[in-house]
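Below are the chains, spelled out letter by letter.
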Amino acid sequence: DGQATSSAQLEERLATGALVEELELKGDRLQYRRLSGTGPETGWVSLQITGKTLLVGRPDESIELRCERELEKAAVPWSLLGPEQLEKHEQVAKGMLFGLEFPWTAETLERMGAAWCTQAFHAAGTLSRGNSVSKVKDVKQYIGGGASAKMIFDVEYAKPSEGLHTKLFA
C-alpha cells in the first residue's frame, strides 16, 4: 500500500500479466497505475523479492497504450493568432495543451533546459515519473516549413531506455 516494504499490504494483488505505468521509482520499489489486467488501480510494488523478478519493463507496449490514450482524447481547439501574439514570439508564454511556459526560441530552450523538458515530458506522459532529462544539448534553430519557429535538439536521460528518443524536433 505504501512505498516502504513494511507498509500494510493490500488484500488484492496485481495479477500476472497486468500492465502498469511507472509513476515513480524509488530503489527497488515502483509506484504504478494499472493500465490493463486485474489488481489495485494504483499502489507500490517491489520489482524483485529474494532474487525473483516480479515486474519487467515493456516499453513497446507502453508506447502503444499511450498512443491509444492520446487518440481517445478530444481534439484541442486551436485559435488563430493575431499580430499582437506574433510580435511576442521571443517571450516565454504558456502553451495551449498543458499550461506550461513554452520556450519559443532555441535560446529560451537552452535557458529552460533539462528541468523544463522533464516537466513537459512528464505532463505529456512521454517520460515516466521515475526518470528525468539530465541534459539538453546541440539546440539549433531549424529553418523550413510553416510560419513558426522550429528547433532541433538532443537530450540525455537520467535512465536511458530503448523507447526514449534523444534527437528531438519542436
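As the structure is a prediction and not an experimental result, all values here were calculated from the model.

A.B. asks: I'd like a rundown of the layout of surface pockets, residues and numbers included.
C.D. replies: Approximately 200 Å³ is the volume attributed to the second largest pocket. The wall of the second largest pocket is formed by 14 residues, among which Glu21, Arg33, Arg69, Ala124 and Gly125 lie closest to the centre. Counting residues per element, the ones that place at least two in the lining of the second largest pocket are β1 (19–26), α1 (59–72) and α3 (106–124). Split by residue class, the lining of the second largest pocket holds four nonpolar, two polar and eight charged.

A.B. asks: Please provide a residue-by-residue account of the sheet that holds strand β2 (residues 29–36), values included.
C.D. replies: One open sheet holds the three strands; their spatial order is β1-β2-β3, and the pairing between them is antiparallel. With partners counted over all chains shown, the strands left at the sheet margins are β1 and β3 (42–46), one partner each. Averaged over all neighbouring strand pairs, the angle between strand axes comes to 35°, with direction disregarded. Here five bridges tie β2 to β3, and the two strands are oriented antiparallel to one another. Residue pairing across strands places leucine 30 opposite valine 45, the latter belonging to β3.

A.B. asks: Before we move on, could you go through the pairing of strand β9 (residues 150–157) and cite the residues and values that matter?
C.D. replies: Judged by how many residues are buried, β9 sits mostly within the fold: six of eight residues are covered. Examined bridge by bridge, strand β8 (residues 133–142) and β9 share seven bridges and lie antiparallel to one another. The partner of lysine 135 across the bridge, within β9, is glutamate 156. Pairing between β9 and strand β10 (residues 167–169): three bridges, direction antiparallel. Within β10, the residue paired with aspartate 154 across the bridge is lysine 167.

A.B. asks: Before we move on, can you summarise α3 with the specific residues and values?
C.D. replies: Residue pairs spaced three or four apart in an α-helix point in one direction, given the helix's 3.6 residues per turn. For α3, which comprises 19 residues, the first-to-last C-alpha distance of 21 Å sits more than 12% below the rise-based estimate of 27 Å (1.5 Å per residue). Of all the bends found along α3, the most pronounced is centred on glycine 113 and spans about 90°.

A.B. asks: Which residues make up the nonpolar core, and what are the values?
C.D. replies: Membership of the largest hydrophobic core comes to 19 residues, with the highest contact counts inside it found for Leu109, Cys117, Phe121, Val133, Val136 and Phe153. Those elements giving two or more residues to this core turn out to be α3, β8 and β9. Here this core gets eight residues from one element, more than from any other, and that element is α3. Ignoring any residue separated from it by four or fewer positions in sequence, one finds cysteine 117 in contact with Leu109, Val133, Val136 and Phe153.

A.B. asks: Explain the environment of aspartate 138 to me, using residue names and the numbers behind them.
C.D. replies: Tracing the sequence through the fold places aspartate 138 in strand β8. Aspartate 138 has contacts with Ile152, Phe153 and Asp154, leaving out every residue within four places of it along the chain.

Conventions we followed
Residues numbered from 1 in each chain as written. Predicted model: local features only at pLDDT ≥ 70, side-chain atom pairs only at ≥ 80, totals over all residues. Heavy atoms only, no water. 1 Å grid on protein atoms, 1.4 Å probe; cavity = no way out; pocket = protein on both sides within 12 Å on 5 of 7 lines; lining within 4 Å. Points joined across faces, edges and corners; volume = space filled by probe spheres on them. Helix = DSSP H or I, 4+ residues; strand = E, 2+ residues; numbered from the N terminus. Nonpolar A, V, L, I, M, F, W, Y, C, P; charged D, E, K, R; others polar. Pairing = 2+ DSSP bridges. Axes fitted to C-alpha atoms, helices over the stretch in contact; angles between N-to-C directions. Buried < 20%, exposed > 50% of the residue type's maximum accessible area, 1.4 Å probe, protein only. Expected span 1.5 Å × (residues − 1). Bend = angle between axes of the 7 residues up to and from the residue. Core = buried A, V, L, I, M, F, W, Y, C linked by side-chain atoms within 4.5 Å. Contact = heavy atoms within 4.5 Å.

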